[in-house]
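# A look at the structure
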Amino acid sequence: MTFTLPNLPYAHDALAPYMSKETLEFHHDKHHQAYVTNLNNAIKGTEYEGKSLEEIVKSSFGKNAAVFNNAGQNYNHLHFWHWMKPHGGGSKLPGRLEKKINEDLGGFEKFKTDFAAAGVGQFGSGWCWLQVKNGKLEISKTANGENPLVHGATPILGCDVWEHSYYIDYRNRRPDYLKAFVDQLVNWDYVDELFGKV
Ligand SMILES: [Fe+2]
């Protein structure tokens, strides 16, 4: 199977001013495209060819860095575009998710603070996550292209804290980027949809 880059689910300027057209042109059209191209090249003629993206992520972890890094970043970015939407964020969560966040993470406001803190605390490139593990919601962070799939968990929300995701709009102000992400961009309906499938 050859992987391809899907279009963004919204226009490149749809997330402004929180994430600019220029950022999405670089991040989606250049960076994500490079992960797709590099993954296709890395799996050609290997045991990974023909497997699903999720299978490649799980089976290449710790075994083939070139395949894993590009497969992981493909998986992460495919979801990342859907984890945001114009006029996202807000103060109201879908009901079943709100109940679970209250139970496991001490409420929506605490979740937002702790999730952003995980992203700020990730040293260097990586991601912060809301994941489901053993039936419980947890906040976590990973380096580079890694994600919760390789740690026995299912990611239902992730924020890219590589500099390519925020440097054009926020320069070195990663905390401001994370605050804008959780307050203005998160597509909670998509998070709830993923939560419902776990
Ligand atoms: Fe990225």
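Residues numbered from 1 in each chain as written. Predicted model: local features only at pLDDT ≥ 70, side-chain atom pairs only at ≥ 80, totals over all residues. Heavy atoms only, no water.

### Describing helix α7 (residues 174-185)
Looking only at α7, the buried set comprises R174, Y177, L178, A180, F181, V182 and L185. Where the residues of α7 are buried, they touch α3 (65-82), α5 (108-121), β1 (126-133), β3 (154-160) and α6 (167-170). (Buried < 20%, exposed > 50% of the residue type's maximum accessible area, 1.4 Å probe, protein only. Helix = DSSP H or I, 4+ residues; strand = E, 2+ residues; numbered from the N terminus. Contact = heavy atoms within 4.5 Å.)

### Some remarks on the coordination of the iron ion
Coordination of the iron ion by the protein involves H27 (NE2), H77 (NE2), D160 (OD) and H164 (NE2), with metal-donor separations of 1.9 to 2.1 Å. One can describe the donor arrangement at the iron ion as irregular, given that its four donor atoms subtend angles of 92 to 142° at the metal. Judged by relative accessible area, which is 15%, H164 ranks as buried. (Donors = N, O, S within 2.8 Å, 3.2 Å for Na, K, Ca; no water. Tetrahedral: all angles 85-135°; square planar, octahedral: opposite > 155°, others 65-115°.)

### Some remarks on the pairing of strand β2 (residues 136-143)
Two elements, β1 and β2, share eight bridges in a ladder whose sense is antiparallel. Bridging across to β2, Q131 finds its partner in E138. With antiparallel pairing between neighbouring strands as the criterion, β1 and β2 make up a hairpin whose turn holds two residues, including N134 at a positive phi of roughly 50°. (Pairing = 2+ DSSP bridges.)

### What to know about the domain arrangement of the chain
If you check the domain split of the chain, you get domain 1 (21-80) and domain 2 (95-197). Centre-to-centre separation of domain 1 and domain 2, based on C-alpha positions: 20 Å. Contacts between domain 1 and domain 2 engage 18 residues on the former and 22 residues on the latter. For the domain 1 face of the interface with domain 2, the top three residues by lost area are T23, N76 and F80, together amounting to 32%. Where domain 1 meets domain 2, there are zero salt bridges. (Domains from an automatic or database assignment. Buried area = accessible area lost by both parts, 1.4 Å probe. Salt bridge = Lys/Arg side-chain N within 4 Å of Asp/Glu carboxyl O.)

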